[in-house]
Amino acid sequence: MPARVRSADGTTLAVHDTGGAGPVIVAVHGYPDDHTVWDGLTALLADDCRVVRYDVRGAGASDVPATRAGYRMPQLVDDLFAVLDHVGEPVHLLGHDWGSIQCWPALTDPRARGRITGFTSISGPSLEHAAVWLRGVRRNPRPRLRQLAHSYYTLLFQLPALPELAVRRGLIDRAVGPRSHADQANGVNLYRANMFAAMRSGRPGRIEVPVHVIAPTGDPFVTPPLATEAPRPFVADLRTDLLPGGHWVVKDDPRPVAALVRQGLPTGGKDASATDR
């Protein structure tokens, strides 16, 4: 049974902890998944790491916010720190998709000092970094216009009622595979509550902990140029790897992902044999 962890606004989160020894990894899933997207990767890492996963608010067995405001980035960051309080020791963050997106602002939060040792990001750029990168369209238009074409769905998700209709008719299942329709509908509020706010934000803060970006080369939603270039001006210690695979490589082919994740751990992890691609 998962532990129940209460966030700052009273939302309770379902937290799954392998309880193993070794470096602690806190894995945060994206849309429209729940913690089970990490099952294969957890099985590969749990023999020498403690892996903690949680259902983000609105997904899986965690509470569903009553309003769209409950999905705003400060609430998501509070959720992460509530989980870190539960863990009780320094952690390496691992995020995918929206799980990664919500980890980025935590890295510059004062509460992170001494508690987050590093971060591995997969298919989930910082929204603030992405906004700055996209503003450079005049300098280098091709990769930015290509990314905008791949991001068409983020605009569709802003529309009233249409995304929920697409969920009911199974259209999102066709794009991402079978997922909980409740999680699909709830998670649309992540886009509605945060996308435009990020575009209006100021210059991002400097990130001092080591960051490892893994960019699947066949990702139809987050292109490798966005994933690898956008964080560069804001991260003191950035490593990037291209990995053959699609957006859900963490689920579809977890073994090479596990090898790359281990390279970012404080001890280097065992089986750290993958090379940059």
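Note that this is a predicted model, so its numbers are computed, not measured.

A. Expanded view of a nonpolar patch on the surface. On the surface, Tyr152, Leu156, Leu159 and Leu162 cluster together into a nonpolar patch covering about 370 Å² of accessible area. Looking at the secondary structure, you find Leu159 in the loop between helix H6 (152-156) and helix H7 (162-168). The partly exposed category is assigned to Leu159, whose relative accessible area is 37%.

B. The environment of Val261, seen in detail. Following the sequence through the fold, Val261 ends up in helix H12 (residues 254-263). The class for Val261 is buried, based on a relative accessible area of 0%. Expressed as a C-alpha distance, the spacing of Val261 and Thr120, which sit 141 residues apart in the sequence, is 6.7 Å. Among all residues touching Val261, those that are not within four sequence positions of it are Ile25, Leu45, Leu94 and Thr120.

C. Just the sheet that holds strand E8 (residues 238-243), in detail. Spatial strand order, E1-E2-E4-E3-E5-E6-E7-E8: eight strands in an open sheet with mixed pairing. Because the sheet does not close on itself, it has two edges, and the strands there are strand E1 (3-6) and E8. Strand-to-strand twist across the sheet, computed as the mean angle between neighbouring axes with direction ignored, equals 25°. The pairing of strand E3 (residues 24-28) with strand E4 (residues 50-54) spans five bridges and is parallel. Within the sheet, the bridge partner assigned to Val28 lies in E4 and is Tyr54. Against the sheet, H12 makes contact with E3, strand E5 (91-96), strand E6 (116-122), strand E7 (211-216) and E8, and its axis sits at roughly 170° relative to E8, the strand it touches most.

D. Empty space enclosed by the protein, seen in detail. Across all of its chains, the model carries two cavities of 30 Å³ or more by this definition. Volume-wise, the largest cavity comes out at about 60 Å³. Residue lining of the largest cavity: His29, Gly30, Tyr31, Pro32, Asp33, Val56, Arg57, Gly58, Ala59, Asp183, Gly187 and Leu190, and that is the complete set. Along the lines of polarity and charge, the residues of the lining of the largest cavity split into five nonpolar, four polar and three charged. In this structure, the second largest cavity occupies an estimated 50 Å³ of space. What lines the second largest cavity is simply Trp104, Ser121, Ile122, Ser123, Gly124, Pro125, Val213, Ile214 and Ala227. Counting only elements with at least two residues in the lining of the second largest cavity, the list comes to E6 and E7. Here the lining of the second largest cavity is composed, by residue class, of six nonpolar, three polar and no charged.

E. Focus on the side chain of His247. Here His247 shows up in the loop between E8 and helix H11 (249-252). His247 gets classed as buried once you look at its relative accessible area, which sits at 3%. Within the structure, His247 has its side chain in polar contact with the side chain of Asp219 (distance 2.9 Å). Aside from chain neighbours lying at most four places away, what touches His247 is His96, Asp97, Ser123, Asp219, Pro220 and Phe221.

F. Up close: the nonpolar core. Judged by nonpolar contacts, the single largest core of 80 residues is most densely connected at Val26, Tyr54, Leu80, Leu93, Trp98, Leu107 and Val211. No other element matches the nine residues that helix H2 (residues 73-87) contributes to this core. Every residue in contact with Trp98, bar those within four places of it in the chain, is listed here: His29, Gly30, Tyr31, Met73, Leu127, Leu190, Tyr191, Asn194 and Met195.

G. View of the pattern of salt bridges. All told, the structure shown has 14 salt bridges when counted by the stated rule. The residue Arg192 makes a salt bridge to Glu164 at a minimum N-O spacing of 2.8 Å. Taken together, the residues Arg192 in helix H9 (residues 181-199) and Glu164 in helix H7 connect sequence positions 28 residues apart. Judged by relative accessible area, which is 13%, Arg192 ranks as buried. With relative accessibility at 21%, the residue Glu164 sits in the partly exposed group. Between Arg239 and Asp241 there is a salt bridge, with its nearest N and O atoms 3.0 Å apart. The exposure class of Asp241 is buried, given its relative accessible area of 1%.

H. Inspection of the packing of aromatic side chains at higher detail. Enumeration according to the criterion identifies ten aromatic pairs in this entry. Look at Tyr31 and Phe157: their rings are 5.9 Å apart centre to centre, the planes differ by 75°, and that puts the pair in the edge-to-face class. Of this pair, Tyr31 sits in the loop between E3 and helix H1 (39-45) while Phe157 sits in the loop between H6 and H7, placing them 126 residues apart in sequence. Pairing Tyr152 with Tyr153 gives two aromatic rings, centres 5.9 Å apart and planes at 85°, and the pair type is edge-to-face. Relative accessible area serves as the criterion here: at 15%, Tyr153 is assigned to the buried category. What links up through ring pairs into an aromatic cluster is the set Tyr31, Trp98, Tyr152, Tyr153, Phe157, Tyr191, Phe221 and Trp248. A cation over a ring is seen here: Arg179 above Trp248, with NZ or CZ 5.1 Å from the ring centre.

Calculation notes
- Residues numbered from 1 in each chain as written.
- Predicted model: local features only at pLDDT ≥ 70, side-chain atom pairs only at ≥ 80, totals over all residues.
- Heavy atoms only, no water.
- Patch = residues over 30% accessible without salt bridge, like charges linked within 9 Å, V, L, I, M, F, W, Y side chains within 5 Å.
- Areas by Shrake-Rupley, 256 points an atom, 1.4 Å probe, with all protein chains shown as cover.
- Salt bridge = Lys/Arg side-chain N within 4 Å of Asp/Glu carboxyl O.
- Helix = DSSP H or I, 4+ residues; strand = E, 2+ residues; numbered from the N terminus.
- Buried < 20%, exposed > 50% of the residue type's maximum accessible area, 1.4 Å probe, protein only.
- Contact = heavy atoms within 4.5 Å.
- Pairing = 2+ DSSP bridges.
- Axes fitted to C-alpha atoms, helices over the stretch in contact; angles between N-to-C directions.
- 1 Å grid on protein atoms, 1.4 Å probe; cavity = no way out; pocket = protein on both sides within 12 Å on 5 of 7 lines; lining within 4 Å.
- Points joined across faces, edges and corners; volume = space filled by probe spheres on them.
- Nonpolar A, V, L, I, M, F, W, Y, C, P; charged D, E, K, R; others polar.
- Polar contact = N/O pair within 3.5 Å; in protein donor to acceptor, adjacent residues only side chain to side chain.
- Core = buried A, V, L, I, M, F, W, Y, C linked by side-chain atoms within 4.5 Å.
- Phe/Tyr/Trp six-rings, centres within 6.5 Å; stacked < 30°, edge-to-face > 60°.
- Lys NZ or Arg CZ within 6 Å of the ring centre and 35° of its normal.

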